[in-house]
Amino acid sequence: MNREYHKWHSPHLERDMELLVFGHTGARVIVFPTRDGRFFDYENWKMVEALREKIVKGYIQLYCVDSHDRFSLYANWMRPEDRMKRHLDFERYILDEVIPFTRDRNPHPSLIAHGCSLGGYHAMNIGLRHPERFDKIVALSGRFDLTQPIGTFRGLFDGYYDDLIYFNNPSHFVPLIEDESLLQRLRKLTIVFVTGDSDVFLANNRAFSRALWQKKIPHTFAVWEGEAHRPRQWRQMVRLYL
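Residues numbered from 1 in each chain as written. Predicted model: local features only at pLDDT ≥ 70, side-chain atom pairs only at ≥ 80, totals over all residues. Heavy atoms only, no water.

**Q** Which parts of the structure should I look at to understand the sheet that holds strand E3 (residues 27–32)?
**A** Pairing between the strands of a sheet comes from backbone hydrogen bonds, and it takes one of two forms, parallel or antiparallel. Overall, mixed pairing links the eight strands, which are arranged E1-E2-E4-E3-E5-E6-E7-E8 in an open sheet. The sheet is open, and its two borders are formed by strand E1 (3–10) and strand E8 (220–224), each paired with just one other strand. On average, adjacent strands in this sheet sit at an angle of 20° to one another, irrespective of strand direction. Relative to strand E7 (residues 190–196), strand E6 (residues 136–140) is paired through five bridges, and the arrangement is parallel. The residue of E7 that forms the bridge with alanine 139 is phenylalanine 193. Contacting strand E5 (111–116), E6, E7 and E8, helix H10 (residues 231–241) crosses the sheet at an angle of about 150° to E8. (Pairing = 2+ DSSP bridges. Helix = DSSP H or I, 4+ residues; strand = E, 2+ residues; numbered from the N terminus. Axes fitted to C-alpha atoms, helices over the stretch in contact; angles between N-to-C directions. Contact = heavy atoms within 4.5 Å.)

The structure is reproduced here in structure tokens:
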């Protein structure tokens, strides 16, 4: 299996960013790490091995990016309004640096956003915000509302709210989409998200599924037994859904 390590200084983030590439062709998959995770976690958790057959046969090619969460969404030392601004810098890094990099290495027209846990949020958020860039979203054990405390997970903006936060929380902006041209683009996406029946984010996932159906946006929403919020379950999920 082809494996490559890459590193460059990101002008959007003003720091060095690393990533791993697995495979040689096929649909390009941008893999977002879990909360404050690293670009090598997906490999270390044997997620890549779980996808070996699809990678070797050229069905998919993975681009495992590094996290920016500790400088943005989880930068508790930063004003809440600035956390989202720094998150949008990370989005520009993906859109303006990583995606062109993937396209230079692999001309396959299909692009997939994928991640687990907070990586599931990243995948869903960027895919829905930029449906012209992506063909598919696969979010496992994700959280689609970062503003509200759920279980032991706190709200990330300390009660602060503005337009940037609204437009970066899928549970908030999807129910209020009225632009028919945007809805038509969203309806062409393949959207898959999965959670466990005892996952603390189950209610949020169910409400988000209802919001998508109300906007007539097709999707697959699956609920697994137990919490299903660990690599052991994610390895099984990716074989089915990615």
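From this point, the discussion proceeds with the structure in view.
**Q** What is the right way to look at the nonpolar core in this model?
**A** Core analysis: the biggest nonpolar cluster contains 38 residues, and Ile30, Phe32, Ile94, Met124 and Leu128 have the highest contact counts within it. Among the elements that take part in this core, helix H4 (residues 80–105) stands out by supplying seven residues, more than any other. The residues contacting isoleucine 30, other than those within four sequence positions of it, are Tyr63, Val65, Ile94, Val98, Ile99, Leu111, Ile112, Ala113, His114 and Phe134. Counting 29 residues, the second largest nonpolar core, distinct from the first, contains Ala27, Leu51, Val192 and Val238. (Core = buried A, V, L, I, M, F, W, Y, C linked by side-chain atoms within 4.5 Å. Buried < 20%, exposed > 50% of the residue type's maximum accessible area, 1.4 Å probe, protein only.)

**Q** Hey, could you run me through the packing of aromatic side chains in this one?
**A** Ring pairs (aromatic) are described by centroid distance and by the angle formed between their planes. Here the structure, examined in full by the defined rule, presents 15 aromatic pairs. Measuring from centroid to centroid gives 4.9 Å for phenylalanine 144 and phenylalanine 208, while their planes differ by 40°, and the two rings are tilted. A residue pair is termed long-range when its members are at least 10 positions apart, and phenylalanine 144 in the loop between E6 and helix H6 (163–166) and phenylalanine 208 in helix H9 (residues 202–214) qualify at 64 residues. For the pair phenylalanine 144 and phenylalanine 208, a shared accessibility class is recorded, and that class is buried. Through a chain of ring-to-ring contacts, three or more aromatic side chains come together here, namely Trp8, Phe32, Tyr63, Phe90, Tyr93 and Phe101. (Phe/Tyr/Trp six-rings, centres within 6.5 Å; stacked < 30°, edge-to-face > 60°.)

**Q** Looking at this structure, how should I read the pairing of strand E4 (residues 60–65)?
**A** In terms of burial, E4 is a largely internal element, six of the six residues being buried. With four bridges connecting them, strand E2 (residues 15–22) and E4 associate as antiparallel partners. The residue bridging leucine 19 from the neighbouring strand is valine 65, located in E4.

**Q** Would you mind going over unusual backbone geometry with me for this structure?
**A** Excluding glycine, residues mostly have negative phi values, and the peptide bonds linking residues are mostly trans. Even without being a glycine, glutamate 14 presents a positive backbone phi close to 60°. Structurally, glutamate 14 is set in the loop between E1 and E2. With a phi angle near 55°, lysine 216 is a residue other than glycine that sits in the positive phi range. Structurally, lysine 216 is set in the loop between H9 and E8. Given the relative accessible area of 62%, lysine 216 is considered exposed.

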